[in-house]
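A closer look at the structure
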Amino acid sequence: MPEIGTFGRQSNKKNGIPRAKYGIYRYFCRHLFTHSSDELPAASPFRAASRRRNLYDKPMNVAIVGASGAVGQEFLRVLAERKFPIDELRLFGSKRSAGKVYRFGDRDVTVRELRHDTDDFRDIDIAFTSAGAGISRDFAEDITRYGAVMIDNTSAFRMDEDVPLVVPECNAADALNRPRGIIANPNCTTIMMVVALQAIERLSHIRRVHVASYQAASGAGQAAMDELEAQHRALAAGETPHVEKFAYQLAYNVIPQIDVFTDNGYTKEEMKMYNETRKIMHSDIAVSATCVRVPVMRSHSEAIWVETERELTVEEVSRAVSEGEGLTLDDNPAERRYPMPLFLAGCDDVYVGRIRKDLANPNGMTFWLVSDQIKKGAALNAVQIAEWLIANNGLKA
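The shown structure was predicted, so the numbers you read here are calculated from the model rather than taken from an experiment.

Thoughts on a nonpolar patch on the surface
- A contiguous nonpolar patch, built from Tyr338, Met340 and Leu342 and spanning about 250 Å² of accessible area, is present on the exposed surface.
- Within the secondary structure layout, Met340 lies in the loop between strand 12 (327–329) and helix 11 (341–344).
- Using a relative accessible area of 32% as the deciding quantity, one classes Met340 as partly exposed.

As structure tokens, this is what we get:
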């Protein structure tokens, strides 16, 4: 039986990380980079949320839709890790997933089939949904009918005017204005980027951004991770690798296409970064992205160039990052210190390094960042939205 909340007991397939190495990644996150909640700025919304979790006297009834998927499993791990106040936990999935049992804390929870002809979401306070855009659109009314807050980790509602698109470090208060009872979780690459951009925006307005993303196989789901592993095994054995999840073989390769191409030559993934960034930051910021799939199992990376209204110094930007919400500065070129996905799977923050002046633009800065796109890029961001709502009495907004 899968057990949630104890990282050492997760299988290779669930995390996309060799079991023996997971403790190394957690060590890097907890001892070399991150800070305790006591070290957060006094005004930190996450400090407030942490206090609220400890004092909150009415545990939540929580639902997860798509519980058996990679993000659904990450929801369970994050909720357990952060000791989210849960009274009843209901898990939902397809007919194929129904009946699976997951261990959460001291209880066994059975996956229910997601159906229209039930009142399964009665008395639910918060529903985390990550079963695909079609499922979210189809079941949104069922999920929110009795007052549940639906925090949706799909593309279904992100650009709808009456649905807030939220990254707590940037625009947490937008979550209070949700006429349909739905809050959208942005795309993973956007989440990572705007957490860093927000710290710079506080120094000077950002006019434009150029970004190249290097996205791990896990961004395409568990089957994609399995395919990458299988391709490496096949090639090592001198066999022809099977290609299904990607347009081409990913092992020993990079693919400059994620999602389908649009009429302007950009992919849908790249246009998400343009449109979502402007909505989240309430800004006229222009974003030009190139999104690339790379043969990494977990954690995305991004190379970013920003142009600001006034010229900034490396020292200013480094200080803003080091003091920014949800950011960890890891930048010491002399000692070859910079973020890498190899060490950051399972970590909470967005890690930033290689901060330097853009030699082609006097008002430009360039930097490199890495974050676990299943965690901060999906499940953790959604849970942080819920924590912020609890801390700010916003569930009944």
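Brief notes about the sheet that holds strand 13 (residues 350–357)
- Spatial ordering of the open sheet is given by 10-9-11-14-13-12, a layout of 6 strands whose pairing is mixed. If you trace the sheet from one side to the other, it starts and ends with strand 10 (286–293) and strand 12, each paired once. Strand-to-strand twist across the sheet, computed as the mean angle between neighbouring axes with direction ignored, equals 25°.
- In terms of strand pairing, strand 13 meets strand 14 (residues 364–371) through 5 bridges, oriented antiparallel. Along strand 14, the bridge assignment pairs Tyr351 with Val370.
- Sitting on the sheet, helix 7 (residues 188–201) is in contact with strand 9 (206–215), strand 10, strand 11 (300–308), strand 12, strand 13 and strand 14, with an inclination near 35° to strand 11.

Quick notes on the side chain of Thr189
- Residue placement: Thr189 occurs in helix 7.
- A polar contact of 2.8 Å, which involves the side chain of Thr189, links it to the side chain of Asn187.
- Once residues within four sequence positions are removed from consideration, Thr189 is found in contact with Ser213, Gln215, Glu269, Met273, His300 and Glu302.

Overview of unusual backbone geometry
- Its identity is not glycine, yet Lys83 carries a phi of approximately 50°, on the positive side.
- For Lys83, the location among the structural elements is in the loop between helix 4 (70–81) and strand 3 (86–93).
- What makes Lys83 exposed here is its relative accessible area of 67%.

Remarks on the nonpolar core
- With 54 residues, the main nonpolar core has Phe121, Leu197, Val209, Val306, Val352 and Phe367 as its most contacted residues.
- Broken down by element, this core gets its largest block of residues, 9 residues, from helix 7.
- The residues contacting Phe367, other than those within four sequence positions of it, are Ala196, Leu197, Ile200, Glu302, Ala303, Ile304, Val306, Val352, Gly353, Arg354, Ile355 and Arg356.

Let's talk about the packing of aromatic side chains
- Per the counting criterion, the structure on display carries 3 aromatic pairs.
- Where Tyr214 meets Trp368, the ring centres are 5.6 Å apart and the plane angle is 45°; that geometry is what we call tilted. Of this pair, Tyr214 sits in strand 9 while Trp368 sits in strand 14, and the two are 154 residues apart along the sequence.
- Given a relative accessible area of 23%, Trp368 falls into the partly exposed group.

A short note on the environment of Ala234
- You can see Ala234 is positioned in helix 8 (residues 222–236).
- Ala234 sits in the buried class, given a relative accessible area of 8%.
- Once residues within four sequence positions are removed from consideration, Ala234 is found in contact with Glu239, Thr240 and Pro241.

Some words on the packing of helix 7 against helix 12 (residues 375–391)
- Put simply, helix 7 and helix 12 touch, their axes get as near as 8 Å, and they point 85° apart. Taken together, helix 7 and helix 12 sit at an angle that is classed as roughly perpendicular. In this structure, helix 7 contributes Cys188, Ile191 and Val195 to the contact, and helix 12 contributes Lys376, Gly377, Ala378 and Asn381.
- In the contact of helix 7 with helix 12, the residues fall into 4 nonpolar, 2 polar and 1 charged.

Topic: the pattern of salt bridges
- Counted by the stated rule, this structure contains 25 salt bridges.
- With a shortest N-O distance of 2.8 Å, Arg82 and Glu387 are connected by a salt bridge. With Arg82 in the loop between helix 4 and strand 3 and Glu387 in helix 12, this residue pair connects regions lying 305 residues apart in the sequence. When sorted by exposure, Arg82 lands in the same class as Glu387, which is buried.

Focus on the environment of Asp160
- Relative to the helices and strands, Asp160 resides in the loop between strand 7 (149–152) and helix 6 (168–171).
- Residues Asp160 and Ala184 lie 24 residues apart in sequence; the distance between their C-alpha atoms is 9.2 Å.
- In this structure Asp160 touches Arg180 and Lys279, once residues within four positions along its chain are discounted.

Definitions and cut-offs
- Residues numbered from 1 in each chain as written.
- Predicted model: local features only at pLDDT ≥ 70, side-chain atom pairs only at ≥ 80, totals over all residues.
- Heavy atoms only, no water.
- Patch = residues over 30% accessible without salt bridge, like charges linked within 9 Å, V, L, I, M, F, W, Y side chains within 5 Å.
- Areas by Shrake-Rupley, 256 points an atom, 1.4 Å probe, with all protein chains shown as cover.
- Salt bridge = Lys/Arg side-chain N within 4 Å of Asp/Glu carboxyl O.
- Helix = DSSP H or I, 4+ residues; strand = E, 2+ residues; numbered from the N terminus.
- Buried < 20%, exposed > 50% of the residue type's maximum accessible area, 1.4 Å probe, protein only.
- Pairing = 2+ DSSP bridges.
- Axes fitted to C-alpha atoms, helices over the stretch in contact; angles between N-to-C directions.
- Contact = heavy atoms within 4.5 Å.
- Polar contact = N/O pair within 3.5 Å; in protein donor to acceptor, adjacent residues only side chain to side chain.
- Core = buried A, V, L, I, M, F, W, Y, C linked by side-chain atoms within 4.5 Å.
- Phe/Tyr/Trp six-rings, centres within 6.5 Å; stacked < 30°, edge-to-face > 60°.
- Parallel < 35°, antiparallel > 145°, perpendicular 65-115°, else oblique.
- Nonpolar A, V, L, I, M, F, W, Y, C, P; charged D, E, K, R; others polar.

So far we have only geometry, and geometry alone does not tell us how the molecule works.
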